[in-house]
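Tertiary structure, described
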Amino acid sequence: LRDGAPTSVMRLFHYLSADRCEQTPGDGEEAVKVCTGSSPHTDWHAVTVILEDSPGFEVRSPRTGKWLKARAEPGEAIIIVGDLLHLATRGRLQAPVHRVTLPAKGTRTSFTFFAYPR
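Structure report, in brief. Nothing here was measured: the structure is a model prediction, and the numbers come from that model.

Digging into the overall build of the chain
When helices and strands are counted, the chain shows one helix and 10 strands. For the chain, the α and β elements follow one another from N to C terminus as β-β-β-β-β-β-β-β-α-β-β. The buried share of the chain, taken over its 118 residues, is 35%. Nonlocal contacts in the chain, meaning residues at least 24 apart in sequence, comprise 72% of its contacts between residues at least 6 apart. Entry remark: accessible area of the chain is about 8200 Å², with carbon and sulfur atoms responsible for 55%.

Regarding the sheet that holds strand E5 (residues 47-52)
Sheet architecture is open: four strands sit in the order E1-E10-E5-E8, paired in antiparallel fashion. Of all strands in the sheet, those with a lone pairing partner are strand E1 (9-16) and strand E8 (78-81), marking the two edges. Pairwise comparison of adjacent strand axes, ignoring direction, gives a mean angle of 20° for this sheet.

Some points on the layout of surface pockets
Estimates place the volume of the second largest pocket at around 260 Å³. Along the walls of the second largest pocket sit 20 residues, with Phe13, His41, Asp43, Thr112 and Phe114 positioned nearest its centre. Classifying every residue of the lining of the second largest pocket by side-chain character gives nine nonpolar, eight polar and three charged.

Remarks on the nonpolar core
Residues Tyr15, Phe57, Ala70 and Ile78 are the most contacted members of the largest nonpolar core, which totals 14 residues. Looking at this core, the elements with two or more residues in it are E1, strand E6 (57-60) and E8.

Describing the sheet that holds strand E4 (residues 36-41)
Spatially, four strands are ordered E4-E9-E6-E7 in an open sheet, and the strand pairing comes out antiparallel. Each end of this open sheet is capped by a strand with a single partner; those strands are E4 and strand E7 (67-69). Each strand of the sheet is rotated relative to its neighbour by a mean of 25°, with strand direction disregarded. In terms of strand pairing, E6 meets E7 through three bridges, oriented antiparallel. In the sheet register, Val59 faces E7, and the bridge partner there is Leu68.

Here we look at the packing of aromatic side chains
Under the criterion given, the structure shown has three aromatic pairs. A ring pair is formed by Phe13 and Phe114, whose centres lie 6.4 Å apart and whose planes are at 85°; its orientation type is edge-to-face. Taken together, the residues span a long stretch of sequence, with Phe13 in strand E1 and Phe114 in strand E10 (residues 107-115) at a distance of 101 residues. The same class applies to Phe13 as to Phe114, namely buried.

Comments concerning the pattern of salt bridges
Across all of its chains, the model carries four salt bridges by this definition. Among the salt bridges present, the one from Glu52 reaches Arg71, with a minimum N-O distance of 3.4 Å. Residue Glu52 is found in strand E5, and its partner Arg71 is found in the loop between E7 and E8; the two are separated by 19 residues along the sequence. With a relative accessible area of 16%, Glu52 lands in the buried category. When salt bridges that share partners are traced, they join Glu52, Arg71 and Arg108 into one network.

Reading the values: rules and limits
Residues numbered from 1 in each chain as written. Predicted model: local features only at pLDDT ≥ 70, side-chain atom pairs only at ≥ 80, totals over all residues. Heavy atoms only, no water. Helix = DSSP H or I, 4+ residues; strand = E, 2+ residues; numbered from the N terminus. Buried < 20%, exposed > 50% of the residue type's maximum accessible area, 1.4 Å probe, protein only. Contact = heavy atoms within 4.5 Å. Areas by Shrake-Rupley, 256 points an atom, 1.4 Å probe, with all protein chains shown as cover. Pairing = 2+ DSSP bridges. Axes fitted to C-alpha atoms, helices over the stretch in contact; angles between N-to-C directions. 1 Å grid on protein atoms, 1.4 Å probe; cavity = no way out; pocket = protein on both sides within 12 Å on 5 of 7 lines; lining within 4 Å. Points joined across faces, edges and corners; volume = space filled by probe spheres on them. Nonpolar A, V, L, I, M, F, W, Y, C, P; charged D, E, K, R; others polar. Core = buried A, V, L, I, M, F, W, Y, C linked by side-chain atoms within 4.5 Å. Phe/Tyr/Trp six-rings, centres within 6.5 Å; stacked < 30°, edge-to-face > 60°. Salt bridge = Lys/Arg side-chain N within 4 Å of Asp/Glu carboxyl O.

See below:
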């Protein structure tokens, strides 16, 4: 890390289906079960690039607070802004609060690249 060398990282995440799910209220509807593989957070680096094999990545709407499914078509990637880029642009770009939900059955895999520039 000498002289401010970048420390970008690529990680493989393999999510198993959950045995138990937490109950969450559903905007005036009956409660829904949500199996969370990654709890709500923002990424603190500059940019995240996600390749996934099945749905599960969700972003919270800053206006409504509702969770929105973010799904890339085959051959596409999901790209989100991190806290560092949010600060560098003085808020023009927003770092979204996001989470990963687990599949009811089977598994979910994603390759995720976290960009940490100098």
